[in-house]
Amino acid sequence: GREIRLKSRPHGEPTPDNFETVTVSVPEPAEGQVLVRNHFMSVDPYMRGRMNDAKSYVPPFKLGEALDGGSVGQVLRSRSPDFKEGDFVVGGTGGWRDYAVAPAKHYQKADPSVGPLSAYLGVLGMPGMTAYVGLLDLGKPKAGDTVFVSAAAGAVGGVVGQIARIQGCRVVGSVGSEAKVKHLRDDLKFDAALDYKTTPIAESLAKACPEGIDVYFDNVGGDHLEAAIGLMKNHGRIVLCGAISVYNATAPTPGPRNLFLAVGKRLTLQGFIVGDHAARRADFLRDMGQWLREGKVQDVATVVDGLDKAPDAFIGLLRGDNTGKMLVRLAKD
Ligand code: NDP
């Protein structure tokens, strides 16, 4: 098997020479562990933060060691009563390699009758759960509310918009290309879609939300957050999910210049990390499984083939190459 290691820490935008692919022998699982053949691995924005040598809610990747992250695959050998050979599983630590050995407790069963295996890294997985918990539990949208979501054609953003529609909200999204604008309107049925690269977001957002915003689901930070604060209604909720516009920054970036408006508007700005909300996983799988079956939520992904292409997929994710969840396919059966 092969694994991908962090060769050097990126300064600003990552480049292919920050990574190296190494052939390794397939390890034997110890007591309590499973050996999994990966079918798909995930590349995620949070991995950029882990490439810096900085303290955060997840420890940094170590230089010269394999990266890790989400993956789905099939159990080849099990030394745990929780799984048997042939089970399909999803986990958060077995990525960036062909074969993973990990404690069984790092994995959960992936039921192929609910959705395709790849969906367990997207709508049925961590990004879908992030959208579900962030929007419903923190954003608390009501029917008729205007919900704005940034990075709206991405893994989290696309699901946020689709759940907001199910709640009866008016949904506005921002994206970085004309093709993504079309995708939001035609495929995901957003009420309005804005291209932040052709018109400054403050300008287009003001036009799209003449009566203001009730809930802003922030994946981007920076000018998007400032524009949303300016347009929030009184008692509006801002869900701080991510700030991808600053992940490659090499120095601290300024905050929103209009933050003082949060006082008079009585806004709630709340950050969250999906991993703290595991208690909602059963509700999430029940609701999302039903929405997928009913066709109310679509499973959208951009798939790149081959482990050796994983660094390119990751670099491309930060640049916006993906529509839906960015995935790397490692095995075809
Ligand atoms: P996406 O699938 O949304 O991919 C990232 C997208 O960000 C790109 O496709 C690109 O789309 C957009 N983007 C890149 N640079 C910029 C920029 N400067 N300004 C605006 N948009 C930009 O990734 P995820 O859905 O996995 O993650 C979305 C956000 O959610 C991230 O901020 C991530 O860190 C966060 N997150 C937080 C979690 C939590 O627990 N709090 C859990 C999971 C994710 P475009 O072409 O539109 O620019």
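On a predicted model such as this, the values are computed, not experimentally measured, just so you know. (Residues numbered from 1 in each chain as written. Predicted model: local features only at pLDDT ≥ 70, side-chain atom pairs only at ≥ 80, totals over all residues.)

## A short note on the site of the ligand
Selection rule: For each residue, a C-beta atom is placed from the backbone, and the residue is labelled near a molecule or strand when this atom is within 6 Å of it. Each helix is a run of DSSP H or I of at least 4 residues and each strand a run of E of at least 2, with the numbering of both proceeding from the N terminus. Under the grouping applied here, Gly and all other residues not named as nonpolar or charged are polar, the nonpolar ones being Ala, Val, Leu, Ile, Met, Phe, Trp, Tyr, Cys and Pro and the charged ones Asp, Glu, Lys and Arg. In this entry, domain limits derive from an automatic or database-based domain assignment.
G154, A155, G176, G242 and G320 are the nearest of the 29 residues found near the ligand. Sorting the residues of the shell around the ligand by element identifies α2 (126-139), α3 (155-166) and α9 (310-319) as the ones contributing at least two each. It is α3 that provides the largest number of residues to the shell around the ligand, a total of 3 residues. Among the residues forming the shell around the ligand, the class breakdown is 17 nonpolar, 10 polar and 2 charged. Mapped onto the domain boundaries, the shell around the ligand takes at least three residues apiece from domain 1 (2-122 + 300-329) and domain 2 (126-275).

## Some remarks on α9
Convention followed: Burial is judged by counting the other C-beta atoms within 10 Å of a residue's own C-beta: 20 or more makes it buried, 12 or fewer makes it exposed, and any count in between marks it as partly exposed, with every C-beta position built from the backbone. The directions from the helix axis to the C-beta atoms are what the arc is built from. Contacts here follow a simple rule: the backbone-placed C-beta atoms of the two residues must lie within 7 Å.
Where α9 is concerned, the buried positions are A310, P311, A313, F314 and L317. For α9, the angular spread of buried residues about the axis comes to 160 degrees, placing them on one side. For α9, the secondary structure elements touched by its buried residues are β1 (2-6), β2 (19-23), β3 (33-42), α1 (46-50), β14 (301-305) and β15 (325-329).

## Some points on unusual backbone geometry
Here K189, not a glycine, exhibits a phi torsion of approximately 60 degrees, which is positive. As for its position among the elements, K189 is in the loop between α4 (178-187) and β10 (192-195). Of the residues examined, K189 has 13 C-beta atoms within 10 Å and is grouped as partly exposed. Phi is positive for R266, which is not a glycine, with a value near 55 degrees. Topologically, R266 is positioned in the loop between α7 (261-264) and β13 (268-271).

## Let's talk about the sheet that holds β10
Just so we agree on the cut-off: Here, any two strands with at least 2 DSSP bridges between them count as paired. To define axes, lines are fitted to C-alpha atoms, for helices over the stretch in contact only, and angles between the resulting N-to-C directions are given on a 0 to 180 degree scale.
Taking strand neighbours across the sheet as the criterion, the 6 strands line up as β10-β9-β8-β11-β12-β13 in an open arrangement whose pairing is parallel. Only two strands of the sheet have a single neighbouring strand rather than two, namely β10 and β13. Adjacent strand axes in the sheet meet at a mean angle of 15 degrees, parallel and antiparallel pairs treated alike. For strand β11 (residues 213-218) and strand β12 (residues 232-240), the ladder comprises 5 bridges, and the chain directions are parallel.

## Section: the UniProt feature "domain: Enoyl reductase (ER)" (unreviewed entry) in the chain
We apply this condition: UniProt positions are given in the numbering used here, feature names are shortened, and annotations may be inferred rather than shown by experiment.
Taken from the UniProt record, the annotation "domain: Enoyl reductase (ER)" (unreviewed entry) applies to residues 14-328. Its end C-alpha atoms 17 Å apart, residues 14-328 is made of 27% helix and 24% strand.

## Notes on the domain arrangement of the chain
Domain annotation of the chain identifies domain 1 (2-122 + 300-329) and domain 2 (126-275). Centre-to-centre separation of domain 1 and domain 2, based on C-alpha positions: 28 Å. The interface is formed by 16 residues belonging to domain 1 together with 17 residues belonging to domain 2. A class-by-class count of the residues in the side of domain 1 that touches domain 2 yields 4 nonpolar, 9 polar and 3 charged.

## Observations regarding the nonpolar core
To keep it simple, the criterion reads: Definition of nonpolar core: a set of buried Ala, Val, Leu, Ile, Met, Phe, Trp, Tyr and Cys residues joined via C-beta atoms within 7 Å.
Judged by nonpolar contacts, the single largest core of 90 residues is most densely connected at F148, V160, F217, A228, A310 and V328. Shared between two domains, this core holds at least three residues of each, these being domain 1 (2-122 + 300-329) and domain 2 (126-275).

## Some details on the packing of α2 against helix α8 (residues 281-293)
For clarity, the threshold we go by: Each angle receives one of four descriptions, namely roughly parallel if under 35 degrees, roughly antiparallel if over 145, roughly perpendicular if within 65 to 115, and oblique otherwise.
One can describe the packing of α2 onto α8 by two numbers: an axis separation of 10 Å at closest approach and a directional angle of 100 degrees. Accordingly, the angle class assigned to the pair α2 and α8 is roughly perpendicular. Residue-level inspection shows G128, M129 and Y132 of α2 in contact with α8, the latter providing R281, F284 and M288. Looking at the contact of α2 with α8 residue by residue, the classes come out as 4 nonpolar, 1 polar and 1 charged.

## Some words on the environment of E211
Mapping E211 onto the fold places it in the loop between α5 (201-208) and β11. Put simply, E211 and A279 are 68 residues apart on the chain and 36 Å apart in space, counted from C-alpha to C-alpha.

## Here we look at the pairing of β3
Summarising burial for β3: 9 of the 10 residues are buried, a large majority. With 5 bridges connecting them, β3 and strand β6 (residues 99-103) associate as antiparallel partners. Paired with V36 across the bridge in β6 is A100. Taken together, the 7 bridges between β3 and strand β4 (residues 71-78) define a ladder with antiparallel strand orientation. Of the residues in β4, the one forming a bridge with M41 is S71. Direction of pairing for β3 relative to β15: antiparallel, over a ladder of 3 bridges. By the bridge assignment, M41 is partnered in β15 with V328.

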